[in-house]
Amino acid sequence: IKRPPNAFIIFRSHCCNPTESELGITDHRHISRISSHLWKSLLPQEKAYWERRAQEKKEEHQRLYPNYKYKPVFRNKDEVRRRR
């Protein structure tokens, strides 16, 4: 079960969709950097909109999975594969 998205993740996914098609940017590192700068420059009332959407997603997630508790799983260093 995935965790509910936070406000920035919802904002980034909203920014990501038109950016790829309109600007031709396909490198998600660049999209994330641009989204981060936009997020930091938002006014508090604009951020509040995304916080409300995140809260709605969180409430929906709690309704669907009432006994859900986040339990991170850590892998051994031997199991981690490094990208080259």
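Let me sum up the structure you'll find in this document. Here the structure is a predicted model, which is why all the values come from computation and not from measurement.

### Comments concerning the overall build of the protein chain
- Helix and strand counts for the protein chain stand at 3 helices and 0 strands.
- Beginning at the N terminus, the succession of helices and strands in the protein chain can be written as α-α-α.
- Sorting the 84 residues of the protein chain into buried and exposed places 18% on the buried side.
- For the protein chain, the proportion of contacts with a sequence separation of at least 24, taken over those separated by at least 6, is 62%.
- As displayed, the protein chain has an accessible area near 7800 Å², and 50% of this comes from carbon and sulfur atoms.

### What about a nonpolar patch on the surface?
- On the surface, Ile1, Leu64 and Tyr65 cluster together into a nonpolar patch covering about 330 Å² of accessible area.
- Mapped onto the elements of the fold, Leu64 is located in helix α3 (residues 44–64).
- We classify Leu64 as exposed; its relative accessible area is 54%.

### Description of the packing of aromatic side chains
- Following the criterion strictly, the structure yields 4 aromatic pairs and no others.
- Seen in terms of ring centroids, Phe11 and Trp39 are 5.3 Å apart; in terms of plane orientation they differ by 50°. Their pairing is tilted. Residue Phe11 is found in helix α1 (residues 7–23), and its partner Trp39 is found in helix α2 (residues 28–41); the two are separated by 28 residues along the sequence.
- The class of Phe11 is buried, set by a relative accessible area of 5%.
- The side chain of Arg3 reaches across the aromatic face of Tyr70, ending 4.1 Å from its centre.

Reading the values: rules and limits
Residues numbered from 1 in each chain as written. Predicted model: local features only at pLDDT ≥ 70, side-chain atom pairs only at ≥ 80, totals over all residues. Heavy atoms only, no water. Helix = DSSP H or I, 4+ residues; strand = E, 2+ residues; numbered from the N terminus. Buried < 20%, exposed > 50% of the residue type's maximum accessible area, 1.4 Å probe, protein only. Contact = heavy atoms within 4.5 Å. Areas by Shrake-Rupley, 256 points an atom, 1.4 Å probe, with all protein chains shown as cover. Patch = residues over 30% accessible without salt bridge, like charges linked within 9 Å, V, L, I, M, F, W, Y side chains within 5 Å. Salt bridge = Lys/Arg side-chain N within 4 Å of Asp/Glu carboxyl O. Phe/Tyr/Trp six-rings, centres within 6.5 Å; stacked < 30°, edge-to-face > 60°. Lys NZ or Arg CZ within 6 Å of the ring centre and 35° of its normal.

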